[in-house]
Amino acid sequence: MAVVETRELTKVFKEGGLGAVNSVNLETREGEFLVFLGPSGSGKTTLLRMIAGLEAPTSGDILIGGRVVNDLSPRERRIAMVFQSYALYPHLSVYKNIAFPLQAQKVKKELHKEKVEWAAALLGIGALLERKPRELSGGERQRVALARAIVREPAVFLLDEPLSNLDAKLRASAREELERFHRRVGTTTIYVTHDQVEAMAMGDRVLVLNKGVVHQLGTPAEVYDNPADTFVATFLGSPPMNLAELAELIVGFRPEHLRPSSSVTGDAVSFRLKVENIEYLGAEWIVSGTVVGGRLGGKKVFSRLTSAQDLALEGTYDFAVPQRELKFFDRSTEKRIEPRAVSLQ
Amino acid sequence: MLAPAVLYILLLVAGPFLLAIFYAFSDARIGNTQLHFVGLENFRSILQSPSFRIAVRNSFIFTIGSQIVVIIASSILAIALERPFRGRGMLRFLMLLPWVAPIALGAIGWKWILDSIYSVISWVLVALHLYKPFGAPMWLGEPHLAIASVLLVHSWRLIPFSTVILLAGRTAIPKDIPEAAAVDGAGFWRTEFLILLPMMMPIISVAVLFGIIFTFTDMTVVYILTAGGPFDSTQVLPSLAFTLGIQASDLAAGAAISLTLVPLLVIIAYLMLRVAHRAEVT
């Protein structure tokens, strides 16, 4: 087990062009499950590939276990990586796929069988050892890729969107399996995804990236409840946080905090909302509408309710947001600032 | 719609082939209007001829030898030319030249390069004081050197073709695979030999099978470079068939020699179809 650290890590692909990764500083904790979250093109995979040693940084340092590894090849970094495509060797059986890292790192041949069987048992693929990758389902392939990664007991696990090739149903169970797997082996893990649900569900901490810049590093709760800026506020949550510009401020509130006035107690800001669309999603309702009058007049907002049966399309209702749930951002820097009293009337 | 294809096959493939079978069992000679059926006499006679045995041996030496050289050289070239670098396009174009130029043109060029008097190779060796003036080996005049020379020219001609095929094969392998191997701890050799080479096997077999056919059936290189000499030491089956059948007027013997190529070519054609089929399926 080891800690991964980057210092001012930067990658520029085209000279003079924009950096794919810009001055990233981060430090994992021992045994942590850290998620890199960002939209496509945010630099999260490039960051991971630099840590793996598959991409050379333009500047900055990467440290694994306290040692600068910039000039070390992937094999010398004691990392294991699971690729988005799994990258199983198609001509080798599952057994030989899992044994390949042992063979490559010159582990004694007598130990191979025992270690391969241990890794295969851990992932429940003991019965598949003689098969070829093309004879496996997507979920089985993913487990083989994980077994191949775990077999040599690496210091760090790097996972590059390992669930994105699975169908929705399988993805939920694979996610749970990965979580249990991580709890069992306890190896420091870095996980790249563009899926905020995966990030929230799995991460001990989440690193939110956009355009190669770190926007926030924090626990899922911190990132969700106290977003560092408007990008994080809108990237996480579905529907995203409602944002409204007020003079030099941007005020934000989550859809689940926007409720009919009657159900809001304590200090709250309220306004009238004309309901324009109602979606029933089973466990919840998504209501969207336009604010009528006041300083937010004409602004389109979303509300997430456990029940919207009392609301009718085109009707106008009193809605409110508890004062403590309002988030404030500076309009020019888009960074979060201290809460202050505002009137939306 | 089928007529042109059928006509083509009947006139240009089946016709000559059946004629060759017919001649091989006869005593046909150029300039002789009489024809008698002689059974297996022609085959008995060529099997006893030392030239024929040398030609069989040489056909195999040239074919197998050049394929070994070609696969090793083109694998190295494919690795070198895979990653982008300045001037790669130009280099790829230059490399392809031996393949696009007519065989005869290339062979004539090599004939000069290996000439007994004007050879640039000999000139360089003499200039380096490795040999006395006029003391350099006769590249095409000594049996062993002549065999090596023919093998070299065959390889030179096929390397570009094979390189292009192997390059295509390498680019078809997803980047993730060699990267996974690197992360798994495999170095260059292990990745090449245990991962990429096995994955390339289907495409390599295509290159080899084509190479075998091109070399085994070719008579131009031998004909221009050595005319089968010295003392028939570089004769191959096609060139021997030509020499005996056309130049020495013994049509029947020439036809019989040509027919001995058929079994091997049938086997190769079968293997090629199988590889092609497997490539279609997967």
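Described below are features of the structure shown in this document. (Residues numbered from 1 in each chain as written. Chains lettered and ligands numbered in written order. Predicted model: local features only at pLDDT ≥ 70, side-chain atom pairs only at ≥ 80, totals over all residues. Heavy atoms only, no water.)

## Focus: the packing of helix α3 (residues 50–82) of chain B against helix α4 (residues 88–100) of chain B
All names here are of chain B.
Working step 1: Viewed as axis vectors pointing N to C, α3 and α4 meet at an angle of 155°, and their least axial separation amounts to 10 Å. Overall, the two elements α3 and α4 adopt an arrangement that is roughly antiparallel. Where α3 abuts α4, its residues L77, L81 and E82 lie against R88, L91, R92 and M95.
Working step 2: Of the residues assigned to the contact of α3 with α4, the class counts are 4 nonpolar, no polar and 3 charged. (Axes fitted to C-alpha atoms, helices over the stretch in contact; angles between N-to-C directions. Helix = DSSP H or I, 4+ residues; strand = E, 2+ residues; numbered from the N terminus. Parallel < 35°, antiparallel > 145°, perpendicular 65-115°, else oblique. Contact = heavy atoms within 4.5 Å. Nonpolar A, V, L, I, M, F, W, Y, C, P; charged D, E, K, R; others polar.)

## What to know about a nonpolar patch on the surface
Residues and elements named next belong to chain B.
Working step 1: Taken together, L2, V6, L7, Y8, I9, L10, L11, L12 and V13 make up a surface patch of nonpolar side chains, about 930 Å² in accessible area.
Working step 2: Take L12: it is sitting in helix α1 (residues 3–24).
Working step 3: Judged by relative accessible area, L12 falls into the exposed class, the value being 58%. (Patch = residues over 30% accessible without salt bridge, like charges linked within 9 Å, V, L, I, M, F, W, Y side chains within 5 Å. Areas by Shrake-Rupley, 256 points an atom, 1.4 Å probe, with all protein chains shown as cover. Salt bridge = Lys/Arg side-chain N within 4 Å of Asp/Glu carboxyl O. Buried < 20%, exposed > 50% of the residue type's maximum accessible area, 1.4 Å probe, protein only.)

## So, the interface of chain A and chain B
Working step 1: Taken together, the contacts link 23 residues of chain A with 16 residues of chain B.
Working step 2: Between chain A and chain B lies a buried interface of about 1,700 Å² when both sides are counted; carbon and sulfur atoms form 62% of it.
Working step 3: Of all residues in chain A, Y89, H91 and F100 of chain A give up the largest surface area on contact with chain B, accounting jointly for 29% of the area buried on that side.
Working step 4: At the junction of chain A and chain B, the tally comes to 3 salt bridges.
Working step 5: Joining chain A to chain B, the criterion identifies 10 residue pairs in polar contact (both at pLDDT 80 or more).
Working step 6: In terms of residues, the side of chain A that touches chain B owes the most to one element, helix α2 (residues 94–104) of chain A, which gives 4 residues.
Working step 7: Classifying every residue of the side of chain A that touches chain B by side-chain character gives 14 nonpolar, 4 polar and 5 charged. (Buried area = accessible area lost by both parts, 1.4 Å probe. Polar contact = N/O pair within 3.5 Å; in protein donor to acceptor, adjacent residues only side chain to side chain.)

## Some thoughts on the sheet that holds strand β12 (residues 249–253) of chain A
All names here are of chain A.
Working step 1: The 4 strands lie next to each other as β11-β12-β18-β19, forming an open sheet whose pairing is antiparallel. Two strands lie at the open edges of the sheet, namely β11 (242–246) and β19 (336–337), each paired on one side alone.
Working step 2: Pairing between β11 and β12: 5 bridges, direction antiparallel. Across the sheet, residue L246 finds its bridge partner in β12, namely L249. (Pairing = 2+ DSSP bridges.)

## Focus on the sheet that holds strand β7 (residues 156–160) of chain A
All names here are of chain A.
Working step 1: Sheet architecture is open: 6 strands sit in the order β6-β7-β8-β3-β9-β10, paired in mixed fashion. Both edges of this open sheet fall to β6 (79–82) and β10 (213–218), since each of them pairs with a single strand only. Neighbour-to-neighbour, the strand axes of the sheet open up by a mean angle of 15°, direction not taken into account.
Working step 2: Bridge analysis of β7 against strand β8 (residues 188–193) gives 5 bridges, and the strand direction is parallel. The residue bridging D160 from the neighbouring strand is V192, located in β8.
Working step 3: Each of β6 and β7 is contacted by helix α4 (residues 138–150), which is oriented at about 175° to β6, the strand it contacts most.

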